[in-house]
Amino acid sequence: GENVEQHPSTLSVQEGDSAVIKCTYSDSASNYFPWYKQELGKRPQLIIDIRSNVGEKKDQRIAVTLNKTAKHFSLHITETQPEDSAVYFCAAHPSGSARQLTFGSGTQLTVLP
Amino acid sequence: NAGVTQTPKFQVLKTGQSMTLQCAQDMNHEYMSWYRQDPGMGLRLIHYSVGAGITDQGEVPNGYNVSRSTTEDFPLRLLSAAPSQTSVYFCASSAYSGRAYEQYFGPGTRLTVT
């Protein structure tokens, strides 16, 4: 089955700096890669996703890049703000399958004012 | 739309007790899943269903049962609770669309087994 590794487990940045979270996956059949943000005590919520036919996707201050050859993808947050502080999860989903998402172990991002 | 709802929000059980965590969705999604979330371990899949009457095991199914008699409901049963099942449980639903299998999560159930 799919295995997703996520690094780092914790990340502290100064407000206004950029943050990068990296994930690797093992199943070359995976073709959908979402990122979820989970605030303390809340449910995970989708913030951005990318499919395997695209190398990069941006949405305002967040972007995701995908390298299918190396089987890794990354989340980039620019101009970080205190409200970006949360746990971020990456995930991978195999194509054409009823199997569900496999999640990384999460990154606790803290944006220091 | 209420989206995905879960009850109860909090529960304390004694070792050996059984209970059912309820999950319902009103988005007519065919896929539903149960995850448990433990510190440092992300979200791990317990069981999932691809439609009414069809269920399958995920990564950590032991000690849990599920059934899917309707599209809307997907309850999770703990047969004989153990302290190792202390966790936060999330139900999710999804449907294939232009966004692939985007998962919508419920608010979670925080379970403590003493």
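Values in this document were obtained by computation on a predicted structure and should not be read as measured data. (Residues numbered from 1 in each chain as written. Chains lettered and ligands numbered in written order. Predicted model: local features only at pLDDT ≥ 70, side-chain atom pairs only at ≥ 80, totals over all residues. Heavy atoms only, no water.)

Caption draft 1: Here's a closer look at the overall build of chain B. Looking only at helices and strands, chain B features zero helices and 11 strands. Start at the N end of chain B and walk to the C end: the helices and strands fall as β-β-β-β-β-β-β-β-β-β-β. In terms of overall size, chain B behaves like a compact globule, its C-alpha atoms giving a radius of gyration of 13 Å where 114 residues would be expected to give roughly 13 Å. A principal-axis box enclosing the C-alpha atoms of chain B has dimensions of 45 × 30 × 25 Å. Considering only contacts in chain B between residues 6 or more positions apart, those separated by 24 or more positions represent 54%. Counting every atom, chain B has about 5200 Å² of accessible surface; 50% of that belongs to carbon and sulfur. In chain B, which carries 8 positive and 8 negative side-chain charges, the distance between the mean positions of the two groups comes to 11 Å. (Helix = DSSP H or I, 4+ residues; strand = E, 2+ residues; numbered from the N terminus. Rg over C-alpha atoms; globule rule 2.2 N^0.38 Å. Contact = heavy atoms within 4.5 Å. Areas by Shrake-Rupley, 256 points an atom, 1.4 Å probe, with all protein chains shown as cover. Lys, Arg positive; Asp, Glu negative; His and termini not counted. Charge placed at Lys NZ, Arg CZ, Asp CG, Glu CD.)

Caption draft 2: A look at the pattern of salt bridges. The full count for this structure, using the stated rule, is five salt bridges over all chains. The shortest N-O distance in the salt bridge between A:Lys37 and A:Glu39 comes to 3.6 Å. Given a relative accessible area of 35%, A:Glu39 falls into the partly exposed group. Members of the salt-bridge network, linked through shared partners, are B:Arg36, B:Asp38 and B:Arg44. (Salt bridge = Lys/Arg side-chain N within 4 Å of Asp/Glu carboxyl O. Buried < 20%, exposed > 50% of the residue type's maximum accessible area, 1.4 Å probe, protein only.)

Caption draft 3: Examining unusual backbone geometry more closely. For the peptide bond that leads from A:His7 to A:Pro8, omega is -5°, which places it in the cis range. Mapped onto the elements, A:Pro8 comes out in the loop between strand S1 (4-7) and strand S2 (10-14). Residue B:Pro8 is bonded to the preceding B:Thr7 through a cis peptide linkage, with omega at -5°. With respect to the element layout, B:Pro8 can be found in the loop between strand S1 (4-7) and strand S2 (10-13). One non-glycine residue, A:Gln60, lies in positive phi territory at about 55°.

Caption draft 4: Main features of the state of the cysteines. A complete count under the given rule lists two disulfides over all chains for this structure. Between the sulfur of A:Cys23 and that of A:Cys90 lies a disulfide, 1.9 Å long from S to S. The S-S bond linking A:Cys23 to A:Cys90 shows a torsion near -100°; that makes this disulfide left-handed. Of the two residues, A:Cys23 is situated in strand S3 (residues 19-25) and A:Cys90 in strand S9 (residues 86-94); the sequence distance between them amounts to 67 residues. The exposure class of A:Cys90 is buried, given its relative accessible area of 0%. Between B:Cys23 and B:Cys91 runs a disulfide, and the two sulfur atoms are separated by 1.8 Å. Sign of the S-S torsion, about -70° for the bond between B:Cys23 and B:Cys91, identifies this disulfide as left-handed. (Disulfide = S-S within 2.5 Å.)

Caption draft 5: Region of interest: the pairing of S9(A). Residue and element names in this part refer to chain A. Of all nine residues that make up S9, eight are buried, and the element is covered over most of its length. Both strand S4 (residues 30-38) and S9 contribute to a ladder of six bridges, which runs antiparallel. Paired with tyrosine 36 across the two strands is phenylalanine 89, which belongs to S9. Two elements, S9 and strand S11 (residues 107-112), share three bridges in a ladder whose sense is antiparallel. Paired with valine 87 across the bridge in S11 is glutamine 108. Bridging between S9 and strand S10 (residues 102-103) involves two bridges; their strand directions are antiparallel. Along S10, the bridge assignment pairs alanine 91 with phenylalanine 103. (Pairing = 2+ DSSP bridges.)

Caption draft 6: Representation of the sheet that holds S3(A) within the structure. Residues and elements named next belong to chain A. Spatially, five strands are ordered S1-S3-S8-S7-S6 in an open sheet, and the strand pairing comes out antiparallel. A strand with exactly one partner marks an edge of an open sheet, and here the two such strands are S1 and strand S6 (56-59). Adjacent strand axes in the sheet meet at a mean angle of 15° when their direction is disregarded. Here four bridges tie S1 to S3, and the two strands are oriented antiparallel to one another. When the sheet's bridge partners are listed, glutamate 5 is paired in S3 with threonine 24. (Axes fitted to C-alpha atoms, helices over the stretch in contact; angles between N-to-C directions.)

Note that every value here comes from positions in space, so none of it alone points to a role or purpose.
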